[in-house]
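# Coordinate inspection notes
In case you want the letters, here they are:
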Amino acid sequence: MVTTSSGTQMLDYLGLSELFTPEEREIQRSSRRFLDDVALPYIGQWWEEGSFPTHLIRRFGEMGFLGPTIPAEYGGAGVSSAAYGLIAYELERVDSGLRSFCSVQSSLVMYPIYAFGSEEQKREYLPKLATGELVGCFGLTEPDGGSDPDGNMKTRARKDGDGYVLTGTKMWITNGNLAHIAIVWAKDDGGVVRGFIVPTDTPGFKANEVRHKASLRASVTSELVLEDVRVPASAVLPGVKGLKGPLSCLTQARFGIAWGALGALEAVYTEALAFSQTRTTFGKPIGSRQLVQEKLVRMLSDHTKGLLVAWRLAQLKDAGKLRPQQVSLGKRDNVRAALNAARSAREILGGSGITLEYHSIRHMLNLETVDTYEGTHDIHTLILGRDITGLNALE
Amino acid sequence: MKFVAVIRQVPDSESRLKIDAGRVDLSSATLILDQMDEYAVEEVIRLQEKHGGESVIVALGPERFEEAVRTALAMGADRAIHLVQEGYLDPITQAEALAEALRAEAPDVVLTGGQQADWDSQALGPAIAEALGWPVVTWTTALELEDGQARAKHDLDEGAEVVRVSLPAVFTTQQGLNEPRYPTLPGIMKAKKKEIRKIPISAASKVEVLEQSIQERSRLGKVLDGTKDPHAAASELIRLLHEEAKVI
């Protein structure tokens, strides 16, 4: 029974780590140690400055954080889905921005190339994406809205000789200004969604960084503008047509978020617990007060149940039985639980909780984004509602 | 050349240990590769990278030690030998059992932690050297091999010295010897397939542990409020340091 984190030990009230393989446990410990050394002491500063630590990209590559489930022949580490989840957990325990970087690179860039790419595309891009030599981004959402990607997709891929000409705008694109390649989803002349690997130095491609964010400040967010971007036929991902292409990528990323959010939850819970044991009011530590204990217990309870859900999703995923709706449940519930926990932790910390000296408010603000992106809380509610009633509220 | 790191698994220094029926209860502790042994693992990997040959992990301890052995293999060592025995063995008895395995391996260099985090003992490395009849350098902070000899810098109580020592020899580690690498995901996955030869042993401990207790470290926890009258708080602090703590 582990009621708080210490050293490399994760918060684990039900001893769930006994269900992990020895390799998964080792990956969790090693990831935490690495991130506690290279990222945790500096994250508040990066967040405040609004800068992503680009010097860590190659280090993430060395650790194997980029495309970890991809087979070794393409530069990945070939680890299990639970191991991938634990990496997301450890990254987001530091900051949702670091986890977002790795989620995009692994699930939204490397995964579609691995799943839908030609052999040449896999050999050309995957090993370099795995080391961090190349950074990728994923362009699906457009300025008119993200929740209806098909209805709102105005980006077009016009056939032109042997290749295509891409025109359109993508919005809220993580890693946009860092990326060497963009996976761009666009409708072809027949109105069918296709995926394209677009080098970001192609004429007509422009990335504009989104400024003035009050959330995910240690992460690069961009608008992508494509004006007559000409790509050869070899840039098309040949293995998929239609919206299921990008949606299947999002299922991968959402799976990681279901784990990652619990890392943030652990961080704010641990901080609030420690604070409640030392801060005294009316002669007693505030942790002795019922109102505070109730908040702490709710956080612990949500973390414990969320971890069981995340672990089960990993088992289903490796068995090839995972349904996207099940991932919706994990993403929806775990992120909202983490967001609520961060708000409670901020409250327990009192005045201290409003500064970046503590982690809780940073997690709280980040989690507003995580609750919104990759399918908003409400959209996942309606996906689940449709699944259980057979009645569609999304049309 | 062959390089051996002798390692142990110990509770994480941040783990909260409990005493149950006069024994340390490790059930809620995180158990890790001893951080002083981690320097030994890093050093044998570096020696192998520089001089070629083989890096081998040798451990003596209960079955649970395997996780620490895997950590060492995940850092990059080639293979491991695990002498398996449950229960407590004193360091001298451990050293005798380890010496037998080490003699069979015939390494050029043996490294182990300068201190064992669980017993807070520094005996194991010198005891291994004694059992083998090899020279020992303790608290090593730098190690170079040249012409079948080693040149090592090591800490003394109030200083340091550089020594030349014939091989084979035993070295114990000190902080600063190197910066251990993190096990990477590919390293962890490769370690799964590396050989761990398990050899059950039944050595008789010369020391029997009858009872264990944990030192209670309670603080006076006196907190002065300096927000209202900092001058008065500072005077009070000086008075306490002078009259009660007697440090100034």
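Residues numbered from 1 in each chain as written. Chains lettered and ligands numbered in written order. Predicted model: local features only at pLDDT ≥ 70, side-chain atom pairs only at ≥ 80, totals over all residues. Heavy atoms only, no water.

## Thoughts on the overall build of chain A
Along the backbone of chain A there are 11 helices and nine strands. A globule of 395 residues ought to have a C-alpha radius of gyration of about 21 Å, and chain A, at 21 Å, matches this closely. Its C-alpha atoms give chain A principal-axis dimensions of about 80 × 45 × 40 Å. Relative to its full complement of 395 residues, chain A shows a buried share of 58%. Considering only residue pairs separated by 6 or more positions, chain A has 73% of its internal contacts joining residues 24 or more positions apart. As displayed, chain A has an accessible area near 15,700 Å², and 52% of this comes from carbon and sulfur atoms. Between the mean site of the 43 positive side-chain charges and the mean site of the 45 negative ones, chain A shows a separation of 3 Å. (Helix = DSSP H or I, 4+ residues; strand = E, 2+ residues; numbered from the N terminus. Rg over C-alpha atoms; globule rule 2.2 N^0.38 Å. Buried < 20%, exposed > 50% of the residue type's maximum accessible area, 1.4 Å probe, protein only. Contact = heavy atoms within 4.5 Å. Areas by Shrake-Rupley, 256 points an atom, 1.4 Å probe, with all protein chains shown as cover. Lys, Arg positive; Asp, Glu negative; His and termini not counted. Charge placed at Lys NZ, Arg CZ, Asp CG, Glu CD.)

## Quick notes on the overall build of chain B
Counting its regular elements, chain B contains six helices and 13 strands. Here chain B holds 248 residues, and the buried ones make up 46% of them. Partitioning the intrachain contacts of chain B with sequence separation of at least 6 by distance along the chain shows that 69% fall at a separation of at least 24. For chain B, the computed accessible surface area is about 13,200 Å², with 48% contributed by carbon and sulfur atoms. For chain B, the separation between the mean place of its 28 positive charges and that of its 41 negative charges on side chains is 4 Å.

## What to know about a nonpolar patch on the surface
Side chains of L224, L237, I238, L241, V247 and I248 of chain B sit close together on the surface and give an oily, nonpolar patch of about 520 Å² of accessible area. With respect to the helices and strands, the residue L224 of chain B is situated in the loop between β13 (196–200) and α6 (230–244). (Patch = residues over 30% accessible without salt bridge, like charges linked within 9 Å, V, L, I, M, F, W, Y side chains within 5 Å. Salt bridge = Lys/Arg side-chain N within 4 Å of Asp/Glu carboxyl O.)

## Quick look at the interface of chain A and chain B
Contact with chain A, which involves 26 residues of that partner, is made by 20 residues of chain B. Interface area for chain A against chain B, summed over the two sides, is near 2,000 Å², with a carbon-plus-sulfur share of 55%. The largest share of the area that chain A buries against chain B comes from E23, E26 and R33 of chain A, three residues that together contribute 28% of it. Taken together, the links from chain A to chain B amount to three salt bridges. Residues E38 of chain B and R33 of chain A are paired through a salt bridge, measuring 2.6 Å at the closest nitrogen-oxygen approach. Linking chain A to chain B there are nine residue pairs in polar contact (both at pLDDT 80 or more). Mapped by element, the contributors of at least two residues to the side of chain A that touches chain B are α1 (22–38) and α3 (57–63) of chain A. The biggest single contributor to the side of chain A that touches chain B is α1 of chain A, with 10 residues. Within the side of chain A that touches chain B, the residues separate by chemical class into 10 nonpolar, eight polar and eight charged. (Buried area = accessible area lost by both parts, 1.4 Å probe. Polar contact = N/O pair within 3.5 Å; in protein donor to acceptor, adjacent residues only side chain to side chain. Nonpolar A, V, L, I, M, F, W, Y, C, P; charged D, E, K, R; others polar.)

## Topic: the environment of K295 of chain A
With respect to the helices, strands and loops of the structure, K295 of chain A is situated in helix α8 (residues 290–318). With 53 residues separating them along the chain, K295 of chain A and I348 of chain A place their C-alpha atoms 8.4 Å apart.

## Some words on helix α1 (residues 35–51) of chain B
Helical geometry note: an α-helix holds 3.6 residues per turn, so side chains three or four residues apart project in the same direction. All names here are of chain B. The terminal C-alpha atoms of α1 lie 24 Å apart, and with 17 residues this matches the ideal 24 Å at 1.5 Å per residue to within 8%. Of all 17 residues making up α1, 12 are buried, and the element is well covered by its neighbours. The set of residues buried in α1 consists of M36, D37, E38, Y39, A40, V41, E42, E43, V44, I45, L47 and Q48. At the N-terminal end of α1, a side-chain oxygen is found 3.0 Å from the backbone nitrogen of M36, two or three residues along, and the residue is D34. Backbone geometry just after α1 places G52 at a positive phi near 75 degrees. (Expected span 1.5 Å × (residues − 1).)

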